[in-house]
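Observations on the three-dimensional arrangement
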Amino acid sequence: QEQWLTIQKMMAATSPKSQFIPPSNKYQYMVFRLVISPKFDIAMTVVIIANILCLCTVHYEMSSKWKDVISASNVVFTALFLIELLLKFFALGLIRYFRIGWNVFDFVVVCVSISGVLMDYLLPNTLSFLPILRVLRVVRIFKLVPRVRG
């Protein structure tokens, strides 16, 4: 009986990995294969790390040229994350996209990043909370934690 109870507890603690049914539309299927591939994950991991490294260069009393570089890189990274989001929207569909917790998190980060870019270019430079919006993207590094084995 103890073995049975132990097995039941182990079964309750584990959950099956959800498998996505590939879409029937051939274009959607091609994008689906792309976004679920390990190479796409690696590419987005590289983008996240590059974004973090870029954010690490922000410092007090930066030159105006360096501020322009940081602002331009902010736009580029936001665009890359938006492209990732749109590809996953197209491949998975909205319902399946939002069933994955990390995708919901990415959606929030992208929305905040887009609003940060808009505020950066439309509002005066006196707003001191804009860098905080950029730092939110650093939290995406936690997305990589499940992949680390040790």
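1. Remarks on the overall build of the chain
Counting its secondary structure elements, the chain contains seven helices and zero strands. Secondary structure elements of the chain occur, N-terminal to C-terminal, as α-α-α-α-α-α-α. For the chain, the residues scored as buried account for 31% of the 150 residues in total. Here the contacts in the chain between residues at least 6 apart in sequence split such that 68% fall between residues at least 24 apart. When the accessible surface of the chain is totalled, it reaches about 10,700 Å², and 70% of it is carbon and sulfur.

2. Considering the packing of aromatic side chains
Scanning all chains against the criterion turns up six aromatic pairs. Relative to Phe-107, the ring of Phe-89 lies with its centre 6.2 Å away and its plane at 40 degrees, an arrangement referred to as tilted. You can see Phe-89 sitting in helix α4 (residues 64-92) and its partner Phe-107 sitting in helix α6 (residues 101-122), a full 18 residues away along the chain. Between Tyr-97 and Phe-98, the ring centres sit 5.1 Å apart and the planes meet at 85 degrees, which makes this aromatic pair edge-to-face. Tyr-97 gets classed as buried once you look at its relative accessible area, which sits at 1%. By relative accessible area, Phe-98 is classed as partly exposed at 35%. Three or more aromatic residues joined by ring pairs form one cluster here, namely Phe-89, Tyr-97, Phe-98 and Phe-107.

3. Here's the deal with the packing of helix α2 (residues 26-35) against α4
Orientation of α2 relative to α4, taken along the N-to-C sense of each, is 125 degrees, at an axis distance of 8 Å. Taken together, the axes of α2 and α4 lie oblique to each other. Judged by the twist between their axes, the crossing of α2 over α4 is left-handed. Residue-level contacts link Tyr-27, Gln-28, Val-31, Phe-32, Leu-34 and Val-35 of α2 to Leu-87, Lys-88, Phe-90, Ala-91 and Leu-92 of α4. Counted by class, the contact of α2 with α4 contains nine nonpolar, one polar and one charged residues.

4. Considering unusual backbone geometry
Generally, phi is negative for residues other than glycine and the peptide bonds are trans, each holding for most cases. Even without being a glycine, Glu-61 presents a positive backbone phi close to 55 degrees. With respect to the helices, strands and loops of the structure, Glu-61 is situated in the loop between α3 (38-55) and α4. We classify Glu-61 as exposed; its relative accessible area is 65%.

5. Brief notes about the confidence of the model for the chain
In this model, the chain carries a mean pLDDT of 82, and residues with pLDDT of at least 70 account for 75%. Within the chain, α2 carries the highest mean pLDDT (95), whereas helix α7 (residues 130-135) carries the lowest (63).

Rules and cut-offs
- Residues numbered from 1 in each chain as written.
- Predicted model: local features only at pLDDT ≥ 70, side-chain atom pairs only at ≥ 80, totals over all residues.
- Heavy atoms only, no water.
- Helix = DSSP H or I, 4+ residues; strand = E, 2+ residues; numbered from the N terminus.
- Buried < 20%, exposed > 50% of the residue type's maximum accessible area, 1.4 Å probe, protein only.
- Contact = heavy atoms within 4.5 Å.
- Areas by Shrake-Rupley, 256 points an atom, 1.4 Å probe, with all protein chains shown as cover.
- Phe/Tyr/Trp six-rings, centres within 6.5 Å; stacked < 30°, edge-to-face > 60°.
- Axes fitted to C-alpha atoms, helices over the stretch in contact; angles between N-to-C directions.
- Parallel < 35°, antiparallel > 145°, perpendicular 65-115°, else oblique.
- Left-handed = near helix turned anticlockwise from the far one by under 90°.
- Nonpolar A, V, L, I, M, F, W, Y, C, P; charged D, E, K, R; others polar.
- pLDDT = per-residue confidence, 0-100.

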